[in-house]
Amino acid sequence: MLEITNLHAAYGDAQVLRGVSMRVDKGRIVALLGRNGMGKTTLIRSVMGMTPPHVRQGSVTFQGQELRGLRPHEIAQRHIGLVPQGRRLFASLTVTEHLTMLGRAARHRSQWSVARLFELFPRLGERRQHRGHQLSGGERQMLAVARALTQNPELLLMDEPSEGLAPVMVQHLERTVLELRQLGYAILLVEQNLYSALAVADEAYILETGSIVHHAPVDALRHDRPTMHRFLGV
Ligand SMILES: Nc1ncnc2c1ncn2[C@@H]1O[C@H](COP(=O)(O)OP(=O)(O)OP(=O)(O)O)[C@@H](O)[C@H]1O
Ligand SMILES: [Mg+2]
């Protein structure tokens with residue numbers, strides 16, 4: 001589904017990604033792990049066509065079509081949804097407004113009506129008239145996921161969705177991710193929270209200073225203490 005091959009990306013002269021190759025297949029949850037500053041967000045931004053960084057070399061294909069050189073909205077139109085790190089929302093818009101911002105035509109094509117999103121996230125339904133700045137961290141995270149779904153993605157890129165959430169909210173998020181997999185979504189899940197990633201993902205890649213240094217099924221990684229210690233410091 002998504003295939004990244006030998007991707008190099010940089011901020012000015014600072015090379016951050018140094019030949020990353022990885023793939024995400026339909027119906028799979030793939031975790032991208034790595035310590036702070038290793039290039040995870042840079043990879044997500046590169047896939048989405050966001051600048052900076054600048055991609056210098058390599059390719060990104062989705063359903064066999066090259067994405068490199070396309071603009072972020074064109075990539076989103078190809079059914080790739082982004083849940084950005086830090087959940088950028090609009091302070092003054094209500095929950096409902098966030099979910100209906102897309103044009104009517106786009107919404108019409110989406111299989112995610114606002115009502116259906118409120119079924120997936122009942123808490124958002126209860127807070128539908130609340131504005132962005134009035135929401136808790138967990139509610140904002142749910143809204144960021146819900147907003148990505150309105151674009152009708154087949155692949156979701158989630159950049160540290162559990163960051164800053166209480167354990168009960170992390171569990172809620174894990175259940176949501178598993179539900180989405182059941183619905184056939186593919187998910188690339190960037191996580192600092194190793195245990196949350198191990199709980200939901202099928203396989204994991206580890207990024208270390210811009211290169212993939214390990215790729216394994218999560219069931220194998222779970223028992224691989226030396227690798228987790230060496231690259232993730234746990
Ligand atoms: N806009 C930018 N300009 C210059 N350098 C940047 C920029 N954004 C990130 N970097 C640098 O690129 C490297 C990778 O950053 P990136 O945000 O991809 O890391 P990360 O793995 O997502 O980290 P975290 O887990 O903290 O989110 C870091 O050294 C960072 O300082
Ligand atoms: Mg990051």
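Residues numbered from 1 in each chain as written. Chains lettered and ligands numbered in written order. Predicted model: local features only at pLDDT ≥ 70, side-chain atom pairs only at ≥ 80, totals over all residues. Heavy atoms only, no water.

Caption draft 1: Just the layout of surface pockets, in detail. By volume, the largest pocket amounts to about 440 Å³. Of all elements in the fold, only α2 (72-77), β6 (80-83), α3 (95-99) and α7 (137-150) reach the threshold of two or more residues within the lining of the largest pocket. The element best represented in the lining of the largest pocket is α7, accounting for 4 residues. Residues of the lining of the largest pocket, tallied by class, amount to 12 nonpolar, 6 polar and 2 charged. (1 Å grid on protein atoms, 1.4 Å probe; cavity = no way out; pocket = protein on both sides within 12 Å on 5 of 7 lines; lining within 4 Å. Points joined across faces, edges and corners; volume = space filled by probe spheres on them. Helix = DSSP H or I, 4+ residues; strand = E, 2+ residues; numbered from the N terminus. Nonpolar A, V, L, I, M, F, W, Y, C, P; charged D, E, K, R; others polar.)

Caption draft 2: Representation of the pattern of salt bridges in the model. Applying the stated criterion across every chain yields a total of 10 salt bridges. Salt-bridge contacts for R23 lead to E3; the nearest nitrogen and oxygen are separated by 3.4 Å. Taken as a pair, R23 in strand β2 (residues 14-24) and E3 in strand β1 (residues 2-11) lie far apart in primary sequence, 20 residues in all. For E3, a relative accessible area of 33% translates into the label partly exposed. When salt bridges that share partners are traced, they join R123, E126, R127 and E139 into one network. (Salt bridge = Lys/Arg side-chain N within 4 Å of Asp/Glu carboxyl O. Buried < 20%, exposed > 50% of the residue type's maximum accessible area, 1.4 Å probe, protein only.)

Caption draft 3: Broad picture of the coordination of the magnesium ion (ligand 2). T41 (OG1) and Q85 (OE1) make up the full set of protein donors to the magnesium ion (ligand 2), lying at 2.0 to 2.3 Å. One end of the pair, T41, is in helix α1 (residues 40-48); the other, Q85, is in the loop between β6 and α3, with 44 residues separating them in the sequence. Judged by relative accessible area, which is 28%, T41 ranks as partly exposed. (Donors = N, O, S within 2.8 Å, 3.2 Å for Na, K, Ca; no water.)

Caption draft 4: Spotlight on the site of ligand 1. Close contacts around ligand 1 come from 13 residues, with N36, G37, K40, T41 and T42 the closest. Y11 is positioned such that a nitrogen or oxygen atom in its side chain is 3.4 Å from a nitrogen atom of ligand 1. Contacts to ligand 1 include T42, whose side-chain N or O atom sits 2.5 Å from an oxygen atom. Against a free-state accessible area of 640 Å², the protein chains account for coverage of 59% of ligand 1. Considering every element that reaches the shell around ligand 1, the biggest residue donor is α1, with 3 residues. A class-by-class count of the residues in the shell around ligand 1 yields 3 nonpolar, 7 polar and 3 charged. (Near = heavy atom within 4 Å. Polar contact = N/O pair within 3.5 Å; in protein donor to acceptor, adjacent residues only side chain to side chain. Areas by Shrake-Rupley, 256 points an atom, 1.4 Å probe, with all protein chains shown as cover.)

Caption draft 5: Spatial organisation of α1. For α1, the buried fraction is high: 7 of the 9 residues fall into the buried class. Of all the positions in α1, only K40, T42, L43, I44, S46, V47 and M48 are classed as buried. Within two residues after α1, G49 carries a phi angle of roughly 75 degrees, on the positive side.

Caption draft 6: Examining the packing of aromatic side chains more closely. Tallied over the entire structure, the rule returns 0 aromatic pairs. Between R116 and the ring centre of W112, over which it is positioned, the NZ or CZ distance is 3.9 Å. (Phe/Tyr/Trp six-rings, centres within 6.5 Å; stacked < 30°, edge-to-face > 60°. Lys NZ or Arg CZ within 6 Å of the ring centre and 35° of its normal.)

Caption draft 7: Geometry of the sheet that holds strand β8 (residues 186-191). Taken together, 6 strands build an open sheet; the order of strands is β6-β7-β8-β3-β9-β10 and the sheet is mixed. Across the chains shown, the open sheet's two edge strands, defined by having one partner strand only, are β6 and β10 (211-217). The average angle at which neighbouring strand axes cross in this sheet is 15 degrees, direction not considered. Sheet topology places strand β9 (residues 203-208) next to β10; 6 bridges connect them, and they run antiparallel. For Y205, the partnering residue across the bridge sits in β10 and is H215. Sitting on the sheet, α1 touches β3 (29-33), β6, β7 (155-159), β8 and β9, and the angle it makes with β7 is about 150 degrees. Together, β3, β7 and β8 form the strand contacts of helix α8 (residues 167-182), whose direction differs from that of β3 by roughly 135 degrees. (Pairing = 2+ DSSP bridges. Axes fitted to C-alpha atoms, helices over the stretch in contact; angles between N-to-C directions. Contact = heavy atoms within 4.5 Å.)

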